[in-house]
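Survey of secondary and tertiary structure
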Amino acid sequence: MENSLDQCIKCAECTVYCPVLKATDSYPGPKKAGPDGERLRLKDRVFFEDNLKMCLNCKRCEVVCPSGVKIADIIQRARHRHGRPIPGIRDMMLASTDLTGSLAVPFSGIINPVLKNGAVRAVLDCTLGIDRHCTLPEYAQETFESIFKKRFSRQQQSYPRKVNYFHGCYVNYNYPQLGSDFVKLMNALGFGVSLIRDERCCGVPLMSNGMFKQATRNAESNVNVLSGTEGPVIATSSTCLFTMRDEYPAVLGVDNSSIRERLTLAVKFIYESVSSGKVRLAFREGWKARAAYHVPCHMERLGWGIFTLELLGMIPGLELMELDSNCCGMAGTYGFKKENYGLSQQIGSALFSQISGRNPDFVICECETCKWQIEMSTGYKVLNPVSLLAEALDLKKTAKLNQPALP
């Protein structure tokens, strides 16, 4: 990765497509912040500029680069090596998802309405710098891990084929319904689900808030835990998957070669299983919906949006609209911060306008932070493709189709 800056041909294609640079001239742009700046930083760290933190790490620069330069990785590695600010209370709260989630869930009945209160949001704005216009994600009444143990755990042993589920902080603490949808869907397809025990946050919020040492510890722990599993390791979050698959080695320097090829996204795994004839689907009769599909930035970088489009295209009653490629502007915890909120909204404005113009029943997206931003900024409901499939399928009929043949 260090030598990829020498492949830069200075075509400035990345500059044209950078969503941050389109919205403000305070950011030097990916070419200057990435390959150009790195040549200077290699000589002396004094050339490090703090405005590199404005990078969303959306990877759009890498998608369009004709020379394959890992521009965003260069910028993130520079922040890792040279950016040494001590995180404030706000940044530590936003980054420490496992800690805040485990503390908040038992008191979600109190915390959720309090965080919606206008006066409380004004106080958070003035004291912590969490913008008062933001709608923070609600906490669940019970963790997904607890729900899985009570409702799903025993029956998973009866399935001859099994997959491992990296559920992540969002499913565990904020939206366990997605995890339940995933388990029900995989069971209907004939797969038992093993929950990853002792998994930690993938590290994205830690990295985006400059806490790279903690992110590295999480990455090393996750690689170690996942190395002890067999079979596919599936995530429902495109961000979690991308981080573990590509950013562990490229940004944190953590070797994930023992697990990388087994890491996959739910939609990709399901599509490949269906297209290869390993599983069959039975859809609900009379089910209809109009949905718009937003491709998250990290899905574009993976090049996996096509799997979602092909899979959802199999649903008979779904009118599917593919939205133009645009960044939503949230970038993890970036858009919650007072200093970034206006810029975040400006970056996402093209996406918001297009969604409103299409007026779908709901939006489909694999990224939870895109979900927060779109729901907060447009009022339209956002579903993960897994939840949509669980709703559109006749799960009982699908389960019968995928029962193992008797000997």
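Each remark here, short or long, concerns the structure printed above.
As the structure is a computational prediction, the values presented were derived from the model and not from experiment.

To continue, consider the side chain of Ser344. Residue placement: Ser344 occurs in helix α19 (residues 338-358). Not counting the four nearest positions on each side in its chain, Ser344 is found in contact with Cys328, Gly329, Met330, Gly335 and Gln373.

A word on the packing of helix α3 (residues 30-41) against helix α5 (residues 71-82). Between α3 and α5, whose axes approach to 9 Å, the crossing angle comes to 50°. It follows that α3 is oblique to α5 by the angle criterion. Judged by the sense of rotation from one axis to the other, the crossing of α3 with α5 is left-handed. From α3, Pro30, Ala33, Gly34, Pro35, Glu38 and Arg41 reach across to α5, where they touch Ile71, Ile74, Ile75, Ala78, Arg81 and His82. Across the contact of α3 with α5, the residue classes tally to 7 nonpolar, 2 polar and 3 charged.

Let's shift gears to helix α7 (residues 97-104). Taken together, the buried positions of α7 are Thr97, Gly101 and Ala104. Buried residues of α7, viewed axially, fall in a sector of 75°; they line one side. Turned more than 90 degrees off the buried face of α7, the exposed positions are Leu99 and Leu103. At its buried positions, α7 is contacted by α6 (89-95), α8 (108-116), α11 (168-174) and α13 (204-208).

Mapped onto the fold, Leu124 is located in helix α9 (residues 118-127). Setting aside residues no more than four positions away along its own chain, Leu124 makes contact with Leu115, Gly129 and Ile130.

The strand order across the open sheet built from 4 strands is β6-β5-β7-β8, with neighbouring strands paired in parallel fashion. The sheet is open, and its two edges are formed by β6 (318-322) and β8 (382-383), each paired on a single side. Two elements, strand β7 (residues 362-364) and β8, share 2 bridges in a ladder whose sense is parallel. Within β8, the position partnered with Ile364 by the bridge is Leu383. Sheet strands touched by helix α18 (residues 305-312): β5 (289-293), β6 and β7. Its angle to β6, the strand with the most contacts, is close to 155°.

Cut-off values and rules
Residues numbered from 1 in each chain as written. Predicted model: local features only at pLDDT ≥ 70, side-chain atom pairs only at ≥ 80, totals over all residues. Heavy atoms only, no water. Helix = DSSP H or I, 4+ residues; strand = E, 2+ residues; numbered from the N terminus. Contact = heavy atoms within 4.5 Å. Axes fitted to C-alpha atoms, helices over the stretch in contact; angles between N-to-C directions. Parallel < 35°, antiparallel > 145°, perpendicular 65-115°, else oblique. Left-handed = near helix turned anticlockwise from the far one by under 90°. Nonpolar A, V, L, I, M, F, W, Y, C, P; charged D, E, K, R; others polar. Buried < 20%, exposed > 50% of the residue type's maximum accessible area, 1.4 Å probe, protein only. Arc of directions from axis to C-beta. Pairing = 2+ DSSP bridges.

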